[in-house]
Amino acid sequence: MSDTYYEFGTAAERWDRAQFFFDSKEYGTAVRILRGLVAEHPEQTAQRLLLARAYYHSAQLSRAETELLAILERDPVEHYARLMLGRTLERLGRKDEAAPHLRLAAAMAGELPDA
């Protein structure tokens, strides 16, 4: 698909637009905007995390996994990325790989394991 007005404007304008489309459950449009933002600013955790969430909600699970791993490589204690990675791996049918991420996310949140 060709560029639309969604991809134009300042980074702040595109970020606001991406959040609007995500909140409106228009995940594909949010992805189109966020891919550009992440390419321009790969160190920005918030943009990459929202991109991962948009991929997750649009069932692009392998892409969500890739983004989440990139976040966790830079920031291994990013709690929400850890939780999302666990859930993404579960949806991919990789429960054994998901379990340690989910346990670690729970520990980071201060949740105690069931006795």
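Reading guide: rules and limits
- Residues numbered from 1 in each chain as written.
- Predicted model: local features only at pLDDT ≥ 70, side-chain atom pairs only at ≥ 80, totals over all residues.
- Heavy atoms only, no water.
- Helix = DSSP H or I, 4+ residues; strand = E, 2+ residues; numbered from the N terminus.
- Buried < 20%, exposed > 50% of the residue type's maximum accessible area, 1.4 Å probe, protein only.
- Contact = heavy atoms within 4.5 Å.
- Areas by Shrake-Rupley, 256 points an atom, 1.4 Å probe, with all protein chains shown as cover.
- Lys, Arg positive; Asp, Glu negative; His and termini not counted.
- Charge placed at Lys NZ, Arg CZ, Asp CG, Glu CD.
- Core = buried A, V, L, I, M, F, W, Y, C linked by side-chain atoms within 4.5 Å.
- Patch = residues over 30% accessible without salt bridge, like charges linked within 9 Å, V, L, I, M, F, W, Y side chains within 5 Å.
- Salt bridge = Lys/Arg side-chain N within 4 Å of Asp/Glu carboxyl O.

Undergrad: What is the right way to read the overall build of the chain from this model?
TA: Along the backbone of the chain there are 6 helices and 0 strands. Taken from N to C terminus, the helices and strands of the chain fall in the order α-α-α-α-α-α. Over its C-alpha atoms, taken along the principal directions, the chain stretches across nearly 55 × 25 × 20 Å. The burial tally for the chain puts 37% of its 115 residues in the buried class. Restricting to contacts in the chain with at least 6 residues of sequence separation, those with at least 24 account for 40%. When the accessible surface of the chain is summed, it comes to about 6,800 Å², and 52% of that surface belongs to carbon and sulfur atoms. Looking at charge distribution, the chain has the averaged site of its 15 positive side-chain charges lying 3 Å from that of its 18 negative ones.

Undergrad: Got a minute to help me understand the nonpolar core in this structure?
TA: Most often, soluble globular proteins have nonpolar side chains that are buried together. One finds Leu34 and Leu68 to be the most contacted residues of the largest nonpolar core, which totals 27 residues. Counting only elements with at least two residues in this core, the list comes to helix H1 (11–23), helix H2 (27–40), helix H3 (45–57), helix H4 (61–74) and helix H5 (79–91). Sequence-distant contacts of leucine 68, that is, excluding residues within four places in its chain, are made with Leu49, Ala52, Ala81, Met84, Leu85 and Thr88.

Undergrad: Is there a simple way to explain unusual backbone geometry in this structure?
TA: Where the residue is not glycine, phi is negative for most of them; where a peptide bond is considered, it is trans in most cases. One non-glycine residue with positive phi stands out, namely lysine 25, at about 65°. Among the structural elements, lysine 25 can be located in the loop between H1 and H2. Judged by relative accessible area, lysine 25 falls into the exposed class, the value being 60%.

Undergrad: Is there a simple way to think about a nonpolar patch on the surface in this case?
TA: A cluster of nonpolar side chains, namely Val77, Leu104 and Met108, defines an oily patch on the protein surface of about 250 Å² accessible area. Examined against the element boundaries, leucine 104 turns out to sit in helix H6 (residues 95–108).

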